[in-house]
Amino acid sequence: MSAHQQQQQQQFQSIPLDSVESQWEMLFNRFDRNRDGKISINQLHHVLQQGAGEQYNIPPKILAMIAQKADHDQDGYINFREFLHLMEEEPVAKSLTTNLFNKYIHYTIVPRGPPRLRTAGVDHTDGDYEDEYSCNPPALCMVIVSLIEVLFFTWDVLKLKTTESIQGPMASTFIYNPHRRREAWRFLTYMFVHVGQTHLTVNLIVQLLLGVPLEMVHRGWRVVLIYLSGVLAGSLATSVTDPSVYLAGASGGVYALITAHVATIIINWSEMECAIYQLLVFAFLITFDFGSSIYNRYFVNVDNQIGYTAHLAGAIAGLLVGVYTLRNLNVRPWEKKLCWSCFVIYVLLTGSAVMWNIIFPEYFSKEQY
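Rules behind the numbers
- Residues numbered from 1 in each chain as written.
- Predicted model: local features only at pLDDT ≥ 70, side-chain atom pairs only at ≥ 80, totals over all residues.
- Heavy atoms only, no water.
- Helix = DSSP H or I, 4+ residues; strand = E, 2+ residues; numbered from the N terminus.
- Buried < 20%, exposed > 50% of the residue type's maximum accessible area, 1.4 Å probe, protein only.
- Polar contact = N/O pair within 3.5 Å; in protein donor to acceptor, adjacent residues only side chain to side chain.
- Contact = heavy atoms within 4.5 Å.
- Phe/Tyr/Trp six-rings, centres within 6.5 Å; stacked < 30°, edge-to-face > 60°.
- Lys NZ or Arg CZ within 6 Å of the ring centre and 35° of its normal.

Colleague: Teacher, can you tell me more about the side chain of Thr309 here?
Modeller: Tracing the backbone through its elements, the reader meets Thr309 in helix α14 (residues 308-325). The class of Thr309 is buried, set by a relative accessible area of 13%. Separated by 3.4 Å, the side chains of Thr309 and Thr241 make a polar contact. Residues within four places of Thr309 in sequence aside, it is in contact with Ala237, Thr238 and Thr241.

Structure follows, in structure tokens:
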């Protein structure tokens, strides 16, 4: 190693890394695709030429010079220290690349505010929550679920010539019937059965308004999993606490979607704008609707057996499964513990309800087939 290279190496080693979560590190990680902590000079040159070089018309010779300039020990690779030295210390490279990389970062890496120190044991991802919304892939899962619900309802309407009955072939087959608990599919399929067009319309509107935005950030499979967990929790909880109540409708799943939004607010608090106001809005919706269900059940003299337990259980399931399942843009150590705690609690509650149904058949209404 020449004296000049040794001098550069000494200067480079003295650089403090007190901004390791800076935009430069995020850019370095984009280039370090195999996550081995170093970037091949040829790879860096190729990425610059194929990406930023073509977009901003940087001459290939300049890009090659920038890539070679970073390799202080001439081993064909650069690590993050060398990369940071290139970006912040080398006068020529800095003057040539500052504007280029600032633009590249602006278009490819979502800003996260002022650089912060890395906390030991913390995983990091790029992007503020509001910038994670995407229509690629299309958010279709909750749309498909809604269409199936509409088809079930339409089939019964055509058969019965009325929209206010649950005696149709589809409804009677898939409704949760406390006298037919052995037909285990009913614990889930009651979500496809609706009592009247108003019931259906309200559920469709709410689940689409809440489900589609979640899908755009967290992808459809996560949202459907939360939705189904709320439906299952609703029927299991009702079977244990209110064993004579029939269940129809997707309210358990809808409540799960509501509290899934609460879950994502909790785990992405620092990455969301106006998180406190969003949390207050969802808390108000849950409290108001749940309170109305209890009031109508016990204080209004109408024949309206609303399974409010399914609402509450769906909400709890959405929160627990949501915290564990939904994307966390900046995972902190306490959030990892919270995720696993929520998963364990959901499994224990669900398992307990299933075992109750199996072990204590005398507790439930007499089965009729």
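Next comes the rest of the write-up.
Colleague: What is the right way to look at the packing of aromatic side chains in this model?
Modeller: Think of a pair of aromatic rings as described by two things: how far the centres are apart, and how the planes are tilted against each other in angle. Counted by the stated rule, this structure contains nine aromatic pairs. Ring geometry for Trp356 versus Phe360: centroids 4.7 Å apart, planes at 50°, classification tilted. The exposure class assigned to Trp356 is partly exposed, which follows from its relative accessible area of 33%. Ring-pair connections join several aromatic residues into one group, and the members of that group are Trp356, Phe360, Tyr363 and Phe364. Geometry around Phe364 places Arg181 over its ring, the cationic atom sitting 3.8 Å from the centre.

Colleague: Explanation requested: unusual backbone geometry in the structure shown.
Modeller: Note: most residues except glycine have negative phi, and most peptide bonds are trans. Pro137 follows Asn136 through a cis peptide bond whose omega is 5°. Tracing the backbone shows Pro137 in the loop between β3 (123-124) and α7 (141-160). The phi dihedral of Lys161 is positive, around 60°, even though this residue is not glycine. Structurally, the position occupied by Lys161 is in the loop between α7 and α8 (169-174). For Arg219, which is not glycine, the phi dihedral falls at a positive 75°. Relative to the assigned elements, Arg219 resides in the loop between α10 (197-218) and α11 (220-241).

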